[in-house]
Structure formats: structure tokens, C-alpha cells
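Chain by chain, the residues run as shown.
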Amino acid sequence: MDQEIDIPCFFLCPISLDIMKDPVIVSTGITYDRDSIEKWLFTGKNNSCPVTKQVITETDLTPNHTLRRLIQSWCTLNASYGIERIATPKPLISKSEIEKLIKDSSASYQNQNRFDSSRSLMDEALSILYHLDTSEEARKSLLNNKKGTNLVMTLTKIMQRGNYESRAYAAFLLKKILEVADPMQIILLERELFNEVVQILNDQISHKATTSAMQILVIICPWGRNRHKAVAAGAVSMIIELLMDETSSSERRNSEMAMVVLDMLCQCAEGRAEFLNHGAAIAVVSKKILRVSQITSERAVRVLLSIGRFCATPCLLQEMLQLGVVAKMCLVLQVSCGNKTKEKAKELLKLHARVWRESPCVPRNLYASFPA
């Protein structure tokens, strides 16, 4: 473009300073380009208007159709100068339409043809709702209304029958909603939900989906009834399989959460039985001690203590000795890894002092104060 064109200032987004492609009005009355204001509000976690500094009370963005048409006309008139006409954006469904779509979507799953035709719209709705409703109040309103339980079940069905993208977004939303649920709502969760959360872990859709599924288990497994449901869904063996992979820095948090969940599940008899049914469980948990983080080490020692306290047999104690559990407990007592971890390790060693005291890996003075 040889000649500079004066662009009307009200065509420019106050944030990006570029010509607006999809101008929208926020609650303060200022118009911005949609991409810029959405990034400002939802990615940056800002809730104030960049121009007026006033709080934006509504997250709904109203399309400024008049301004968009003016910009399109101006672009057409200046096409000879290399100005490209902006395309008319596709109409977006509103927040209320998104909520209604998701709450009523269980009916779509009963009709396979309807489900197939609405799949892309469902994916878009899940994605938008996930990014729109970030406040605690908004999440509580979704859960506590009359259809709150249906919403949880709908997300469960999406995890069961949706494509990878919709299943991932359903897991993201479910985690956000359960974070603000009260204990009774969590205790009453259906077994089907536990099955689908474990399946998300098994399918490894994405790192973020795996993290969300693990966070869901952390939220719902402190209650005894839910531990039984998680164990029945195969959570114990699934978590052990995930822990068998070498931990990288990006997976550290997932390893910590996995060990937290495993600790909770091993507090019930069914969980301990499933743990022992997995041939690599003891070795995997022992290996994580002192290798990932203090949280992982503490929870791993707690898991082994639960097994040693409630499931001890001569065969199991010999297996723990051969797999290096006793040596790892002794090492825990000698390094800096937190007092709670040391106390649990010492408790496990003391519990089976008569069996393990002659082991060459145990320092001779360690059992001096233990009963003979």
C-alpha cells in the first residue's frame, strides 16, 4: 500500500489498537474487539473495563452490529488501497442458551441421529461455558439450581459418549463444579461418574484432561462411600499404572495427586485388596519415595504403612523386604524429608521389628529401642 490511509479512531480496538473484526460492547458501554476483550477478561482474570476502569458486571458481550457494518463498508470503499474487508463473524450462542443446551442435552444422547448432528454445537457450548463461568458464584448457581444434579449427570454422559474434545471439556467443567459442591452433593454422586473419570485417566486424552480427572478424584474421595465407588471403578490399578511412568517435571503435580488419591483409597479394605492384586504396586510406590516431592514421599509412606498395618502376612513382609521397602524406610529416617514422613516410616519399621531386625539393610542401632 503506497499511500497511507487514515483509519477512523473509533474503528480501532482500545486494547489491540487494530481494526476491530468483531466489535462487541461490554457492560460499561465501551466497544472492543471480541478476541481482545475476551483475552483481557478470561485469560488475564481481569474484571475491569480497560478504558473506564469500572467493574464489568456482566460477562455477556453484546455484538456492535452497526459499527461492524460501518467498518465493513469502509474496508470495501478502500479496497483499492489494499484494505481487506473483514468477514461477518458467525453468530455465537448466548450464555443462557449454552446453559440450556447443556442441561437439556441428555435428551440428545437418547437419539443417536440428533446427537450426531449436534455434536459440534455441543463441543462449542462446552468450550464457551468452561471459559465463561470462572467465578465461584457462577459455578454454584449451575450446581444448586433445580437441574444441578442433571447437569452433573449430563457431563457424565458426555464423558461416556462424546468425542475426545467434548469429553475433555466435560471433565474440566465437572472439576470446576465439584470444587464448590457441598459434602452431601459429593457423597450422592453416582457410580457412573467414577467409572467415566477413571476412563478419562485410562484414555490419556490430554495432559490437562488427565489433571482434571485426578483433581476430581482428590475432591470426591475423602468420603468413605466414594472410596468404595472409586475402587469399584478400577481407580487403584489405574493410578498404579500411571505412577509406573517415570516422573517428569511437568507431571510432578499429577504424581502428587495420584499418591494422595491412592492413600485415601488404601484407607478402606477394598482399596488395600486391589492394591495388593497389582503385582507392581509395592515396588512402584516405594520407588516414588524421595524421588518426586515431599508430598509424594509422605503419602507413599502412608500407603505402605496402611498395607503393613492391615495386610501383613509372612509372605508380604518378605516381599516388602526384597523389594527394598525396608531399606527405603531406613533411608527416610536419615534424610531431610519432613517429620510426618519420618514418623510414619519409623512406625512401619517398629510394627514389624521382629521380622525385619535381622535384615542387613537395617542399621544395627535402629532397633535398639524397639521391643525384642
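Here, residues in each chain are numbered from 1, in the same order as that chain's written sequence. Local features in this predicted model are restricted to residues of pLDDT 70 or higher, and side-chain atom pairs are both shown and tallied only at a pLDDT of 80 or more, whereas totals for entire chains, interfaces and linings draw on every residue. With hydrogens and water set aside, each side-chain value is computed from the structure's full complement of heavy atoms.

With an unreviewed UniProt entry as reference, the protein is termed U-box domain-containing protein, source organism Brassica napus. UniProt positions are given in the numbering used here, feature names are shortened, and annotations may be inferred rather than shown by experiment. UniProt's Catalytic activity (unreviewed entry) comment on the protein is quoted here verbatim: "S-ubiquitinyl-[E2 ubiquitin-conjugating enzyme]-L-cysteine + [acceptor protein]-L-lysine = [E2 ubiquitin-conjugating enzyme]-L-cysteine + N(6)-ubiquitinyl-[acceptor protein]-L-lysine." Under the UniProt heading Function (unreviewed entry), the note attached to the protein is "Functions as an E3 ubiquitin ligase."

Q: Could you clarify how one ought to interpret the overall build of the protein in this entry?
A: Helix and strand counts for the protein come out as 22 helices and three strands. Within the protein, the proportion of its 372 residues that are buried is 46%. Contacts in the protein between residues at least 24 apart in sequence constitute 64% of all its contacts with a sequence separation of at least 6. A total accessible area of about 19100 Å² is found for the protein, and carbon and sulfur atoms account for 50% of it. Comment: elements are numbered from the N terminus, with helices defined as DSSP H or I runs of at least four residues and strands as E runs of at least two. Only protein chains enter the accessibility calculation, which uses a 1.4 Å probe; a residue is then buried when its area is under 20% of its type maximum, exposed when over 50%, and partly exposed in between. Working rule for contacts: check all heavy atoms of both residues, and any pair within 4.5 Å makes them a contact. Surface accessibility in these figures is a Shrake-Rupley result with a 1.4 Å probe; residues are shielded only by whichever protein chains are displayed.

Q: Just to check I follow, could you spell out the pattern of salt bridges for this structure?
A: A side chain of one charge can pair with a side chain of the opposite charge when the charged atoms of the two come close. Take a side-chain nitrogen of Lys or Arg and a carboxyl oxygen of Asp or Glu: if they are within 4 Å of each other, that pair is a salt bridge. Evaluation of the coordinates by the stated rule reveals nine salt bridges. When the shortest N-O distance is used, the salt bridge between Arg167 and Asp203 registers 2.8 Å. Of this pair, Arg167 sits in helix 9 (residues 164-178) while Asp203 sits in helix 11 (residues 191-203); the two residues are 36 residues apart in sequence, bridging distant segments of the chain. Asp203 sits in the partly exposed class, given a relative accessible area of 23%. Here Glu256 and Arg252 are joined by a salt bridge, their closest N and O atoms 3.4 Å apart. Separated by four residues within a single helix, Glu256 and Arg252 lie in helix 15 (residues 252-265), roughly one turn from each other. According to the relative accessible area criterion, Glu256 is buried, its value standing at 7%. Taking relative accessible area as the criterion, Arg252 reaches 43% and is therefore assigned partly exposed. A single salt-bridge network, built from bridges that share partners, covers Asp22, Arg34 and Glu38.

Q: Mind showing me how you'd approach the nonpolar core here?
A: As a rule of thumb, nonpolar side chains are buried together in soluble globular proteins. Counting residues in hydrophobic clusters, the biggest one holds 80 residues, and the most contacted among them are Leu155, Ile220, Leu262, Phe275 and Met329. Here this core takes nine residues from helix 9, the largest share from any one element. Ignoring anything within four residues of it in the chain, the contact list for Leu262 reads Val236, Ile239, Ile240, Leu243, Phe275, Val285 and Val303. Here the nonpolar core consists of buried residues drawn from Ala, Val, Leu, Ile, Met, Phe, Trp, Tyr and Cys, with membership extended through side-chain atoms lying within 4.5 Å. Counting 18 residues, the second-largest nonpolar core is a separate cluster that includes Val26, Leu41, Ile56 and Ile71.

Q: I keep staring at helix 2 (residues 65-77) and nothing clicks. Help me out?
A: Along an α-helix, residues three or four apart share an orientation, since each turn contains 3.6 residues. Compared with the 18 Å implied by 1.5 Å per residue over 13 residues, the 18 Å span of helix 2 between its first and last C-alpha is a close match. Of all the residues in helix 2, the buried ones are Leu67, Arg68, Ile71, Gln72, Trp74 and Cys75. Burial along helix 2 is one-sided: seen end-on, the buried residues are contained in an arc of 160 degrees. Exposed positions of helix 2 whose direction lies more than 90 degrees from the buried face are Thr66 and Leu77. Those residues of helix 2 hidden inside the fold are in contact with strand 1 (23-25) and strand 2 (31-33). To estimate the expected span of a helix, count its residues, drop one, and scale the result by 1.5 Å. Of all possible arcs, the one meant is that of the directions from the helix axis to the C-beta atoms.

Q: What's the story with the sheet that holds strand 1 in this structure? I'm lost.
A: Backbone hydrogen bonds are what pair the strands of a sheet, in a parallel or an antiparallel way. With respect to topology, three strands assemble into an open sheet ordered 2-1-3, the strand pairing being antiparallel. Each having just a single partner strand, strand 2 and strand 3 (62-63) make up the two edges of the open sheet. For strand 1 and strand 2, the ladder comprises three bridges, and the chain directions are antiparallel. Of the residues in strand 2, the one forming a bridge with Val24 is Tyr32. When DSSP finds at least two bridges between two strands, those strands are taken to pair.

Q: Would you explain helix 21 (residues 339-351) in this entry?
A: Spanning 13 residues, helix 21 covers 18 Å between terminal C-alpha atoms, matching the ideal 18 Å at 1.5 Å per step. Of all the residues in helix 21, the buried ones are Thr341, Ala345, Leu348 and Leu349. Angular distribution of buried residues about the axis of helix 21 spans 95 degrees; they occupy a single face of the element. More than 90 degrees from the buried face of helix 21, the exposed residues found are Asn339, Lys340 and Glu343. Buried-residue contacts for helix 21 involve helix 18 (294-310), helix 19 (314-322), helix 20 (325-334) and helix 22 (353-356).

Q: Explain unusual backbone geometry to me, please; I cannot follow it from the model alone.
A: Positive phi, normally seen in glycine, also occurs at Gln204, with a value near 50 degrees. The topology assignment puts Gln204 in the loop between helix 11 and helix 12 (207-220). Since its relative accessible area comes to 42%, Gln204 is described here as partly exposed. A positive phi is found at Leu290, a non-glycine position, where the angle reads about 65 degrees. With respect to the secondary-structure elements, Leu290 resides in the loop between helix 17 (281-288) and helix 18. Residue Leu290 is classed as partly exposed on the basis of its relative accessible area of 33%.

Q: It is not clear to me how the packing of aromatic side chains should be interpreted in this structure. Could you clarify?
A: Each aromatic ring pair is summarised here by two numbers: the centre-to-centre distance and the angle between the ring planes. Aromatic rings from Phe, Tyr and Trp, with only the six-membered ring used for Trp, were paired whenever their centres fell within 6.5 Å, and each pair was classed as stacked if the ring planes differed by under 30 degrees, edge-to-face if by over 60, and tilted otherwise. Overall, the coordinates contain three aromatic pairs when judged by the stated rule. Ring centres 4.9 Å apart and planes at 80 degrees place the aromatic pair Phe10 and Phe11 in the edge-to-face group. A relative accessible area of 4% means that Phe11 is categorised as buried. Relative to Trp74, the ring of Phe11 has its centre 5.8 Å away and its plane inclined at 75 degrees; by these criteria the two rings are edge-to-face. Of the two residues, Phe11 is situated in the segment before strand 1 and Trp74 in helix 2; the sequence distance between them amounts to 63 residues. An aromatic cluster is built from Phe10, Phe11 and Trp74, whose rings are joined through pairwise contacts. A cation over an aromatic ring shows up here: Lys208 above the ring of Phe172, its NZ or CZ 5.1 Å from the ring centre. Criterion for a charge above a ring: Arg CZ or Lys NZ at most 6 Å from the ring centre, at most 35 degrees from the ring normal.

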